[in-house]
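Single-letter residue listing:
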Amino acid sequence: MSSALVASNGASASGNLAIFIDADNLNDPTALDHVLTSVRTLADRIVYRRAYGRPESLRAIEAVLWRHGVRPVANLIVDKTTTDSALVIDAVEAVCRNDINVVAICSGDADFVPLAMWLRERHCKVLCYSLPNKIFANPESFYDEVILIDVVGESRPASLEPPLKNPALPTRKVTSPQMVAEPTAAPQPNVGPSVKAILKALPELATREPLHLSVAAKTLRDAGLLAKTGSSTTLFRRYPAQFELVPTKQPNTVRYRG
């Protein structure tokens, strides 16, 4: 069985492809590297490679983006994330200005359903790549094909399998290797700065007003409380009784509960 992805009708895909990555949703570097390697077989030429997200999301996958020549697009720091809007605008503009046959959306976010439907009305084949735990319900109703990427603890790379031929099962799952540098000890709970240290570095949280996570992350890194590649979301989630992340699904702000 060939390891290359093929079109649903069994013929090799051709034409031009555009790939748009929601880095706030699909930001596992191993899975993303796997996707970007595999989509090369789907078209004669990939004319758009772009990734959208908060600066910290893009930093987590910057090596993969550089390797595959993907252009990072950082969202604006406002009260609500602008990632989805920027991705949608660029996707629409790309299809209107270029002869694009296939569009791959790397996100399991339901916010892109209207975009997927619009693209299909423009006769584009629309693919969705997502991690299994980040996909919304019933995605196969809106995409031509849904590919779920499982990251497992294998030592050697695995290739994406061809799509299922059974039309009753349009969604398929593939596996991607989890790169392992060396054995690590079991994680210890609440390792890192205390709530007191966080509040000292971020006194504005004491007002109980929401603070954008990108601003909080920069301040915490400058104070030496967060590693260069550390996630502020992960840090605040260690203290759910003290800090509230909003929105729950894809948080972009943090508020001190008191």
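Above this text sits the structure in question.
One structure accompanies this document, and this report is about it. (Residues numbered from 1 in each chain as written. Predicted model: local features only at pLDDT ≥ 70, side-chain atom pairs only at ≥ 80, totals over all residues. Heavy atoms only, no water.)

1. Side note on the packing of helix H4 (residues 83–97) against helix H5 (residues 113–121)
Condition: For helices, the fitted line uses only the C-alpha atoms of the stretch in contact; every axis is such a line through C-alpha atoms, and the angle between N-to-C directions lies from 0 to 180 degrees. By the criteria applied, helices consist of DSSP H or I runs no shorter than four residues and strands consist of E runs no shorter than two, each listed in order from the N terminus. Any angle from 65 to 115 degrees is called roughly perpendicular, while one under 35 is roughly parallel, one over 145 is roughly antiparallel, and all others are oblique. For this analysis, residues touch if any pair of their heavy atoms sits within 4.5 Å. Polar here means any residue outside two lists: the nonpolar Ala, Val, Leu, Ile, Met, Phe, Trp, Tyr, Cys and Pro, and the charged Asp, Glu, Lys and Arg; Gly therefore counts as polar.
Running from amino to carboxyl end, H4 crosses H5 at an angle of 5°, the nearest separation of the two axes being 11 Å. Considering their axes alone, H4 and H5 lie roughly parallel with respect to each other. The residues of H5 that touch H4, namely those facing Leu87, Val88, Ala91, Val92, Val95 and Cys96, are Leu115, Trp118 and Leu119. When the residues that make up the contact of H4 with H5 are grouped by side-chain class, the tally is nine nonpolar, no polar and no charged.

2. Things to note about helix H1 (residues 29–38)
Put simply, the rule reads: With a 1.4 Å probe rolled over the protein chains alone, any residue whose accessible area is under 20% of its type maximum counts as buried; one over 50% counts as exposed, and the rest are partly exposed. Residues adjacent in sequence count toward polar contacts only when both atoms are side-chain atoms; beyond that, a polar contact is any pair of N or O atoms within 3.5 Å, and within protein one must be able to donate a hydrogen and the other to accept it.
Counted residue by residue, H1 has eight buried out of 10 residues, so it is predominantly covered. The N-cap of H1, judged by a side-chain oxygen 3.0 Å from the amide nitrogen of Thr30 a few residues on, is Asp28.

3. Re the layout of surface pockets
This is how it is decided: Space inside and on the surface of the protein is sampled on a 1 Å grid over the protein atoms alone, with a cavity defined as a set of points where a 1.4 Å probe fits but cannot get out and a pocket as an open set with protein on both sides within 12 Å along at least 5 of 7 lines; lining residues have an atom within 4 Å of a point. Grid points are joined across faces, edges and corners, and a volume is the space filled by probe spheres set on the points.
By volume, the largest pocket amounts to about 570 Å³. Every residue lining the largest pocket is counted, 22 residues in all, and those nearest its centre are Asp24, Asn27, Arg54, Ser231 and Thr233. Residue assignment for the lining of the largest pocket shows that the elements contributing at least two residues are helix H2 (55–60) and helix H8 (232–237). Of the residues assigned to the lining of the largest pocket, the class counts are two nonpolar, 11 polar and nine charged.

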